[in-house]
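# Architecture and fold: a report
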Amino acid sequence: YHLARNYMAARKFGLPIIPLPVSFEDAWWVPLRPLFSWVERLPFGLGSWYVYTEMGWPTVDGNRTVSRLGENFILCSPQSNVIVTCYPPGIDRILKNHKNWPQPGAQSQLFAFYGQNVSSTNGAEWQRHRKITASAFNEHSMHQVWNESIKRATDLDLAGENARTLCRIRSTFDVLAMEVLAVVGFGQDTALTTVPPGHRESLMQSLGFILRHVLLTVIFNGLKAPDFLLPGVLRRLKVSVAEFRLYMEELILRQMQLSRKEKSQSRATSLLEAMVNANEAEKQPLQTPTARPSYLTESELYGNLFVFNLAGFETTASTMTFALAFLAAHPDVQEWLVEEVDRYYSTSRDRNYAAIYPQLVRCLAFMYETLRLASPAPLLVRSPIVSDELPIATSSDSTMLTVNPGTFVGIHSYGAHLSPRWGVDAQKFNPKRFVSTSEAGGENVVVPETAAYLPWMFGPRVCPGKKFSQVEFVAIIAQTLSGYRVEVLRSDGESDDTARARLMRALDDKYFNVSAHLKRPEVAGVQFVQRNT
Ligand code: HEM
């Protein structure tokens, strides 16, 4: 009945409709979905709906559905209608008017199980969270990101462990990105992969397990059942959630002690310090909320700490994994990058951030292109508070669609990123598309005007870690390429071409879970070859 009702409503939009028996919004479907993967193999396309029933389906689908149905279509399920769009003027309209187009409830609460935070809130609440946390992302911390990333990349034993599967590349950069975040964001320089006294899991183990099972965490976190009644995965999840909370408690306690000791010294405020200070402000008596707009409650402190922990390393590690694989598969691009790295980075004595980072335009363009093809954020769902006119493209022309509150719009980043608007080579890896050269020969990163590009989103709610991730990525790439050539890992007797084709197939086979992951990262890899040998 609900499906029929929604289908009738969807028809009024005059867009192609994909009917679905279930939706990624159905909580009960989440744990059951893997059991139904056989549906996809049914004849006559009977199971073609299956791919759309997980939240990050564009990671798997790429722009296949867009090529078939156009830049706007509707996913119609018993739960709701989702108008999918990758039409640049439509995306612009939503992201630039974020106040009227918040994330709908269920999606926004996905990462709020430790408390409300900058990503789970909207309106004035969001502004409060954002002001406190974004203040720490200043040029001083970018210096730190640069130095720390170079140091950590130098410490990777690429000469010793020179052959790494993509699985190993991912775990290497999971840890590296987390280390950089821990030092710069939280002032913490401790081992993240060992289990310290008083703990049952390492920090990476507990965070990794929560993120792998994030939807189960959302659904079952509040469950008060005794352990012996829980299946193994939920028992382990309980441990990981408690363990990660303990890590956050220790971090906050250490920061409070440090703040007391260093009160008189003037130095830049770290992200953690800004959050702890805001929590201290909340505890001050006799202040009305209007008198202290900069405050975080205890649970909001934990909520934000968790969200920065996950947002700050997953996305970067995902990007690094795809980037190194693309690099290995495209030696010509690598040569082009090495030219820049040798000119500005390898020859510099002090590797000063302010002098060198702005010169590494090609390295940044390389990040842009990696994120165009392998975005960690495939579908951003929004819903208007008051009715709004959404520009859409139909098969014959462009027009406006009235979208009422309660209707969801899904911004399809893969559709936007792989659109023919990027040119005939839209499906190909080509970082040069992001570089413009001035008459004097200077190079700059530019996004082609006709296309929509939103790996970090844009508008007022753009990712606050955008520059953090750019500086980190460029530093790691420059440091790596200054010492190594990155090649495709070949099996015994395998030709270069066969190995490259195998690598590219592995890269095509991806799925979404918090960020982009490879389904079979163990079947291909890269090799680091020292450049001066
Ligand atoms: C390649 C790296 C990164 C990419 C592609 C990326 C992408 C994104 C995207 C698309 C969003 C919007 C999500 C949504 O609204 O649903 C977002 C939000 C966010 N990102 Fe990033 N991010 C990256 C790195 C980082 C880093 C390094 C940090 C922190 C150190 C960070 C912190 C955040 C936070 C806190 C939000 C929520 C902001 C808000 O809602 O106001 N991100 N990011």
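My aim in this report is to walk through the structure given alongside it, one point at a time. Here the structure is a predicted model, which means the values were calculated and not measured. (Residues numbered from 1 in each chain as written. Predicted model: local features only at pLDDT ≥ 70, side-chain atom pairs only at ≥ 80, totals over all residues. Heavy atoms only, no water.)

### Details of the packing of helix 10 (residues 203-212) against helix 14 (residues 298-311)
The following threshold applies: An axis is simply a line fitted to the C-alpha atoms; with a helix, the fit covers only the stretch in contact. Between two such axes, the angle follows the N-to-C directions and lies from 0 to 180 degrees. Secondary structure elements follow DSSP: runs of H or I no shorter than four residues count as helices, runs of E no shorter than two count as strands, and numbering proceeds from the N terminus. Relative orientations are named as follows: roughly parallel for angles under 35 degrees, roughly antiparallel for angles over 145 degrees, roughly perpendicular for angles from 65 to 115 degrees, and oblique for any other angle. Between two residues, a contact is recorded if the distance between any of their heavy atoms is within 4.5 Å.
Their axes nearest at 11 Å, the elements helix 10 and helix 14 cross at an angle of 85 degrees. The pairing of helix 10 with helix 14 is recorded here as roughly perpendicular in orientation. Within the contact between the two elements, helix 10 uses Leu207, Ile210 and Leu211 and helix 14 uses Phe306, Asn309 and Leu310.

### Observations concerning the pairing of strand 14 (residues 525-530)
Counted only if it meets this: DSSP-based pairing: two strands are paired if at least 2 bridges between them are found.
Relative to strand 14, strand 4 (residues 163-165) is paired through three bridges, and the arrangement is antiparallel. Counted as the bridge partner of alanine 163 is glutamine 527 from strand 14. Where strand 11 (residues 484-488) meets strand 14, five bridges bridge the pair, whose relative direction is antiparallel. Bridge pairing in strand 14 places arginine 485 opposite valine 529.

### Re the site of the ligand
So the rule is basically this: For each residue, the test is whether any non-hydrogen atom lies within 4 Å of the molecule or strand; if one does, the residue is near. Polar contacts, as counted here, are pairs of nitrogen or oxygen atoms within 3.5 Å of one another; within protein the pair requires one atom able to donate a hydrogen and one able to accept it, and residues that are adjacent in sequence qualify only if both atoms are side-chain atoms. Under the scheme applied, nonpolar residues are Ala, Val, Leu, Ile, Met, Phe, Trp, Tyr, Cys and Pro; charged residues are Asp, Glu, Lys and Arg; polar residues are all the others, including Gly.
In the vicinity of the ligand there are 27 residues, among which Trp126, Arg130, Arg382, Arg461 and Cys463 approach most closely. For the ligand, an oxygen atom lies 3.3 Å from a polar atom in the backbone of valine 118. Residue arginine 461 places a side-chain N or O atom 3.0 Å away from an oxygen atom belonging to the ligand. Listing elements by their share of the shell around the ligand, those giving two or more residues are helix 7 (123-134), helix 14, helix 15 (314-329), helix 18 (361-373), strand 5 (379-382) and helix 20 (466-483). Of the residues that constitute the shell around the ligand, the class distribution is 17 nonpolar, seven polar and three charged.

### With respect to the side chain of histidine 98
The criterion, for reference: Residue burial is assigned from relative accessible area. The probe radius is 1.4 Å, only protein chains are included, and a residue is buried under 20% of its type maximum, exposed over 50%, and partly exposed in between.
Relative to the elements of secondary structure, histidine 98 occurs in the loop between helix 5 (88-96) and helix 6 (105-108). Since its relative accessible area comes to 14%, histidine 98 is described here as buried. Contact partners of histidine 98, with chain neighbours within four places excluded, come to Trp126, Pro460 and Arg461.

### Some words on the coordination of the iron atom of the ligand
Heads up, the rule is: With water omitted from the atoms examined, metal sites may look incomplete; donors here are N, O and S atoms no farther than 2.8 Å from the metal, or 3.2 Å in the case of Na, K and Ca.
There is one protein donor for the iron atom of the ligand, namely Cys463 (SG), at 2.3 Å. Here cysteine 463 is to be found in the loop between strand 10 (443-445) and helix 20.

### Focus: the packing of aromatic side chains
The condition that has to hold: Working definition: rings of Phe, Tyr and Trp (its six-membered ring) pair if their centres are within 6.5 Å, and the pair is stacked with planes under 30 degrees apart, edge-to-face with planes over 60 apart, and tilted otherwise. Over a ring means this: the NZ of a Lys or the CZ of an Arg is within 6 Å of the ring centre and within 35 degrees of the ring normal.
Under the defined criterion, the tally for this structure stands at 29 aromatic pairs. Ring centres of phenylalanine 36 and tryptophan 38 lie 6.1 Å apart, and the angle between their planes is 35 degrees; on these two criteria the pair is classed as tilted. Exposure remark for tryptophan 38: the relative accessible area of 43% places this residue in the partly exposed category. Aromatic rings pair up to connect Trp28, Trp29, Phe36, Trp38, Trp49 and Tyr50 into one cluster. Cation over ring: arginine 236 sits above phenylalanine 209, and NZ or CZ is 3.9 Å from the ring centre.

### Concerning the pattern of salt bridges
Defined as follows: Here, a salt bridge means any side-chain nitrogen of Lys or Arg that lies within 4 Å of a carboxyl oxygen of Asp or Glu.
Inspection of every chain in the model, using the stated rule, returns 30 salt bridges. Put simply, arginine 152 and glutamate 179 hold a salt bridge, and the shortest N to O gap is 3.5 Å. Residue arginine 152 is located in helix 8 (residues 139-155), and its partner glutamate 179 is located in helix 9 (residues 166-186); the two are separated by 27 residues in the primary sequence. Under the relative-accessibility criterion, arginine 152 is labelled buried at 12%. Assessed through its relative accessible area of 21%, glutamate 179 is described here as partly exposed. The residue arginine 485 makes a salt bridge to glutamate 487 at a minimum N-O spacing of 2.8 Å. Residue arginine 485 is classed as partly exposed on the basis of its relative accessible area, which comes to 37%. Among the charged side chains, a network of salt bridges with common partners joins Glu148, Lys151, Arg152, Glu179 and Asp189.

### Regarding the environment of valine 180
Within the secondary structure, valine 180 sits in helix 9. Classification of valine 180 as buried rests on a relative accessible area of 0%. Measuring from C-alpha to C-alpha, the distance between valine 180 and asparagine 147 comes to 9.4 Å, with 33 residues separating the pair along the chain. Not counting residues up to four positions away in its chain, the partners in contact with valine 180 are Val145, Glu148, Ser149, Arg152, Gly185, Phe468 and Glu472.

### Considering the sheet that holds strand 14
Judged by pairing direction, the sheet is antiparallel, and its three strands sit side by side in the order 4-14-11 without closing on themselves. A strand with exactly one partner marks an edge of an open sheet, and here the two such strands are strand 4 and strand 11. Taking each pair of neighbouring strands and ignoring which way they run, the sheet shows an average axis angle of 25 degrees. Taken strand by strand, helix 20 contacts strand 11 and strand 14, and its axis lies near 90 degrees from that of strand 11.

### Observations concerning helix 20
Quick note on the threshold: Helix span, as expected, comes to 1.5 Å for every residue beyond the first.
With 18 residues, helix 20 ought to run about 26 Å at 1.5 Å a step, and its terminal C-alpha atoms sit 27 Å apart, in line with that. The element helix 20 is largely enclosed, with a buried count of 14 among its 18 residues.

### Focus: a nonpolar patch on the surface
To keep it simple, the criterion reads: Patch membership requires more than 30% relative accessible area and the absence of a salt bridge. Residues of like charge join within 9 Å; the nonpolar side chains Val, Leu, Ile, Met, Phe, Trp and Tyr join within 5 Å. Using the Shrake-Rupley algorithm and a 1.4 Å probe, accessible areas are obtained, with residue cover drawn only from the displayed protein chains.
Among the surface-exposed residues, Trp28, Leu32, Leu35, Phe36, Trp38, Leu42, Phe44 and Leu46 lie close enough to one another that they form a single nonpolar patch of about 890 Å² accessible area. Within the secondary structure, leucine 46 sits in the loop between helix 2 (29-32) and helix 3 (57-61).

### Some remarks on the state of the cysteines
What counts here: Only a pair of cysteine sulfur atoms within 2.5 Å counts as a disulfide in this structure description.
Applying the stated criterion to the full structure yields zero disulfides. Counting only cysteine sulfurs, cysteine 86 is the nearest neighbor of cysteine 76, a cysteine outside any disulfide, at a range of 19 Å. On the accessibility criterion, cysteine 86 (1% relative accessible area) is buried.

### With respect to the nonpolar core
Quick note on the threshold: The term nonpolar core refers to a set of buried residues drawn from Ala, Val, Leu, Ile, Met, Phe, Trp, Tyr and Cys, joined through side-chain atoms within 4.5 Å.
Tyr114, Trp146, Phe173, Phe306 and Leu324 are the most contacted members of the largest nonpolar core, which totals 117 residues. Excluding anything up to four places from it in sequence, tyrosine 114 contacts Ile210, Ser240, Val241, Phe244, Arg245, Met248, Ser299, Tyr302, Gly303 and Phe306.

### Focus: helix 21 (residues 496-508)
As a reminder of what qualifies: In this description, the arc belongs to the directions extending from the helix axis to the C-beta atoms.
Taking 1.5 Å as the rise per residue, helix 21 with 13 residues should run 18 Å; its terminal C-alpha atoms sit 18 Å apart, in good agreement. Every buried residue belonging to helix 21 is among Ala499, Arg502, Leu503, Ala506 and Leu507, and all of these are buried. Seen from one end, helix 21 has its buried residues packed into an arc of 140 degrees, which puts them on one side. Residues of helix 21 that are exposed and angled more than 90 degrees away from the buried face: Asp497, Arg505 and Asp508.

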